[in-house]
Amino acid sequence: MHMLPIADRWFEITRISDDITLLIEPHVVPLMRCNIWHVRGRDRDLMIDTGMGIVSLREAAAHLLEKDVTAVATHTHTDHVGNHHEFEHTLVHEIEADQLQTPSDRGTLLASVMGTEAIRKLAKAGYPFEGDLITALPHAGYDLASYSLRDAPVTEIVTEGDIVDIGNRHFEVLHLPGHSPGSIGLWEAKTGTLFSGDAIYDGPLLDEIDGAHIPTYIRTMKRLRNLPVEIVHAGHDPSFGRTRLIQLVDAYLAKRA
Ligand SMILES: [Zn+2]
Ligand SMILES: [Zn+2]
């Protein structure tokens, strides 16, 4: 096993607009490098997904967290909910609430634990990687084998059509299953803004992993195609507009429908 370098800082933080900040973990392989979206509201903030849980997000984002914050789980894959345990208030779709509270799969950073068959499948799906799931250590002496997703409190359970109100902004919960059964998006009709989680992003979509379901995913894609989006802030990869959304949907439908 080769030695990993030690990261200068774990999170890369980019201000997108006055009230939206993107945090990512550059030393996590692309497969597991989720977009963490901080949305500042008048009455409360949202932290949409929380990353791997290797390093404290609350500490890294302390300068952003001036008021109460709800940690949203767009879905409960390891890379999206790793730091939910740090937040008193969390929000998740009813189908995945148990998984957030007591994860049945606590994840791993070790390729040897994932197994060659799983790694081969992920490479085929568009996520080749060599070695383990991080490319630097958060601090000297960090033991990759110590990684384990922690239990998180569940304080708000949502379903299709619920409203997430942060004072000056109102997001409608869209149930967007297919990638996972309880995947949600947050849709702000007024600005055409969609936080899509892993329902759609500008990269290789995963629809053959545990919990994914292609016919359901096709229905979600058709629904997304009709949404009058201006901007999609997704679970991975750069944000995009409606033209790209339609391209991504059509490419998926051409492949699967
Ligand atoms: Zn996912
Ligand atoms: Zn993801």
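Residues numbered from 1 in each chain as written. Chains lettered and ligands numbered in written order. Predicted model: local features only at pLDDT ≥ 70, side-chain atom pairs only at ≥ 80, totals over all residues. Heavy atoms only, no water.

> Residues and numbers for the sheet that holds strand β5 (residues 69–72), please.
As summarised here, the arrangement of the seven strands in space is β1-β2-β3-β4-β5-β6-β7, forming an open sheet in which the pairing is mixed. Each edge of the open sheet is held by one strand with a lone partner, namely β1 (12–17) and β7 (156–158). Neighbour-to-neighbour, the strand axes of this sheet turn through a mean angle of 20°, independent of strand direction. In this sheet, strand β2 (residues 20–24) lies alongside β1 in antiparallel orientation, the contact comprising five bridges. Across the sheet, E12 pairs through a bridge with I24, a residue of β2. (Pairing = 2+ DSSP bridges. Helix = DSSP H or I, 4+ residues; strand = E, 2+ residues; numbered from the N terminus. Axes fitted to C-alpha atoms, helices over the stretch in contact; angles between N-to-C directions.)

> Any details on the packing of aromatic side chains? Residues and values, ideally.
Within the structure shown, the criterion is met by three aromatic pairs. Geometrically, the ring pair formed by W37 and F195 is edge-to-face, given 6.0 Å between the ring centres and 65° between the ring planes. Taken together, the residues W37 in strand β3 (residues 36–39) and F195 in strand β11 (residues 193–197) connect sequence positions 158 residues apart. Classification of F195 as buried rests on a relative accessible area of 1%. Arranged with centres 4.9 Å apart and planes meeting at 35°, the rings of Y217 and Y252 form a pair that is tilted. Of this pair, Y217 sits in helix α6 (residues 214–225) while Y252 sits in helix α7 (residues 242–256), and the two are 35 residues apart along the sequence. Feature note: the residues W37, F171 and F195 constitute an aromatic cluster, connected by ring pairs. (Phe/Tyr/Trp six-rings, centres within 6.5 Å; stacked < 30°, edge-to-face > 60°. Buried < 20%, exposed > 50% of the residue type's maximum accessible area, 1.4 Å probe, protein only.)

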